[in-house]
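# Residue-level structural notes
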Amino acid sequence: MTPHTSRRQFLGRSLAASLLPAPALLGLGMARAAGPWPARPIKWVVPFLAGTAPDTTARVVHEAVARELGQPVIIENRGGVGGNLGARLVAKAAPDGYTWIYSSAPMAASMHMYKAPGYDALKDFQHVMGLTSSDIVIIVNAASDIRTLDELIARARRAPGRLDYASGGVGTPSHLGVELLLSAVDAQVAHVPYKGASEIVNAVMGKQVAFGAPIFSVAYANIRAGKLRALAIAGPRRNPKLPEVPTLAELGVRGVELMSWGGVSVPMGTPEPVVARMRAAFEKALRQPSVVAALEEQGGNVAPMDGETFRRAFTQEMALTEAMMKKALIEPM
């Protein structure tokens, strides 16, 4: 090949490229840089322990999503600091669609609970979609002599600070919700933080604490098995799985309505075509009867939200957390 021939070929390629519209050039550059997505296994970080509601939800959904995408979706549990450890990890990951996070209410709560959480729930993540929601349930050991919420409150008032409760970590719904409840009924109880909702259940069943307020989906199996007693639902209505258990409002405790929710997010800057394909795969998975049945069997509610609605859930949870902290006199850590 002569120098003149090479130059003519180069000029020809340059002229052809210059005739392409800008979006086509961008797409061409992305295709050269990244290739088809996904081309390798995907890591889905669950920032809580195995057996927690986020973990069990992700494990129900991930295989259906993997089949749709044609690549394995590998769940990696990174629990600790109310979900912050895993969130920090994903916030710093490459925005290439190969690292996801199970994002949930504690991620939003951390924006106020911690002075330096290590990430920004709105600026560092593209929120793909919401997947499920779950009630919060007040539980005691089935062998406890506390049989009603009124008895629990009376016990707490008689001996301020003597009774104790387990939470899934500082800033989680199981912590802030109980503190808001205690503020509403003018009672003082000692807080014992654990690393996740499954540990709340274990602590109550092991009689290490008097009560707890885990996510319904985590406690439901043991309530049904007769190992735990449900005193109240901290949501706007009774749960159809336990229709005999009243809500806090029905029991005279107003202004304490709590729901936990979760979904999937990716690092900010992830290409929109990748986000759109992810969303389509999750939407299809949530329409599969076997997936819906498995999630409902755990006590969760299938509650898909598009990306913008899911993002609004974060901003609303942040505002709710700030209000609860002020009411319960909780200072950021």
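Whatever comes next refers back to the structure up there.
Residues numbered from 1 in each chain as written. Predicted model: local features only at pLDDT ≥ 70, side-chain atom pairs only at ≥ 80, totals over all residues. Heavy atoms only, no water.

## A short note on the sheet that holds strand 2 (residues 73-77)
Threshold: In this analysis, strands are considered paired if DSSP registers two or more bridges between them. Where helices and strands are cited, they refer to DSSP runs of H or I of at least four residues and of E of at least two residues respectively, numbered from the N terminus. The axes used here are C-alpha line fits, helices contributing only the stretch in contact, and every angle between their N-to-C directions lies in the interval 0 to 180 degrees. Whether two residues are in contact is decided by their heavy atoms, any of which lying within 4.5 Å being enough.
As summarised here, the arrangement of the 6 strands in space is 2-1-3-10-4-11, forming an open sheet in which the pairing is mixed. Of all the strands in the sheet, just strand 2 and strand 11 (301-305) have a single pairing partner and so form its edges. Taken pair by pair, the neighbouring strands of this sheet meet at an average axis angle of 25 degrees, ignoring direction. Examined bridge by bridge, strand 1 (residues 42-46) and strand 2 share 5 bridges and lie parallel to one another. Paired with V45 across the bridge in strand 2 is E76. Along the sheet face, helix 4 (residues 84-91) touches strand 1, strand 2, strand 3 (99-104), strand 4 (125-135) and strand 10 (259-267) and points at about 140 degrees away from the line of strand 3.

## Some details on the pattern of salt bridges
Where charged atoms from two side chains of opposite charge approach closely, those side chains can pair. Condition: Here, a salt bridge means any side-chain nitrogen of Lys or Arg that lies within 4 Å of a carboxyl oxygen of Asp or Glu. Three labels apply to residues, based on accessible area from a 1.4 Å probe with only protein chains included: buried if under 20% of the type maximum, exposed if over 50%, partly exposed otherwise in between.
Scanning the model with the defined rule gives 7 salt bridges in all. A salt bridge links D55 to R59; the nearest nitrogen and oxygen atoms lie 2.8 Å apart. Within this pair, D55 and its partner R59 are both found in helix 3 (residues 53-69), separated by 4 residues, close to a single helical turn. Using a relative accessible area of 3% as the deciding quantity, one classes D55 as buried. Salt-bridge contacts for R155 lead to D145; the nearest nitrogen and oxygen are separated by 3.1 Å. Remark: D145 occurs in the loop between strand 5 (137-141) and helix 6 (149-158) and R155 occurs in helix 6; sequence separation between them is 10 residues. Its relative accessible area of 56% is what places D145 among the exposed residues.

## What about helix 9 (residues 216-224)?
Along helix 9, 7 of the 9 residues are buried, which leaves the element largely enclosed by surrounding structure. Taken together, the buried positions of helix 9 are F216, S217, V218, A219, Y220, N222 and I223. In this structure, the buried residues of helix 9 make contact with helix 3, strand 4, strand 5, helix 8 (197-205), strand 9 (228-233) and helix 11 (289-297). Once helix 9 ends, the next one or two residues include G226, with phi positive near 85 degrees.

## Let's talk about the nonpolar core
Applicable threshold: Remark: nonpolar core denotes a set of buried residues (Ala, Val, Leu, Ile, Met, Phe, Trp, Tyr, Cys) joined through side-chain atoms within 4.5 Å.
By size, the foremost hydrophobic cluster in this structure holds 57 residues, and its most contacted members are V137, I138, L152, F211, I223 and L248. If you tally residues by element for this core, the top one is helix 7 (residues 173-185), at 6 residues. Not counting the four nearest positions on each side in its chain, I223 is found in contact with V137, I139, L228, A230 and L242. Counting residues in each nonpolar core, the second largest holds 30 residues, with W44, I75, M129 and L131 among its members.

## A closer look at unusual backbone geometry
Most peptide bonds take the trans form, and the phi angle of most residues other than glycine is negative. Along the chain, W37 connects to P38 via a cis peptide bond; the corresponding omega equals -5 degrees. With respect to the helices and strands, P38 occurs in the loop between helix 2 (22-34) and strand 1. A positive phi angle, close to 60 degrees, is found at K207, a residue other than glycine. Relative to the helices and strands, K207 resides in the loop between helix 8 and strand 8 (211-212). Residue classification places K207 among the exposed residues on the basis of a relative accessible area of 59%.

Purely geometric numbers; function is a separate question.
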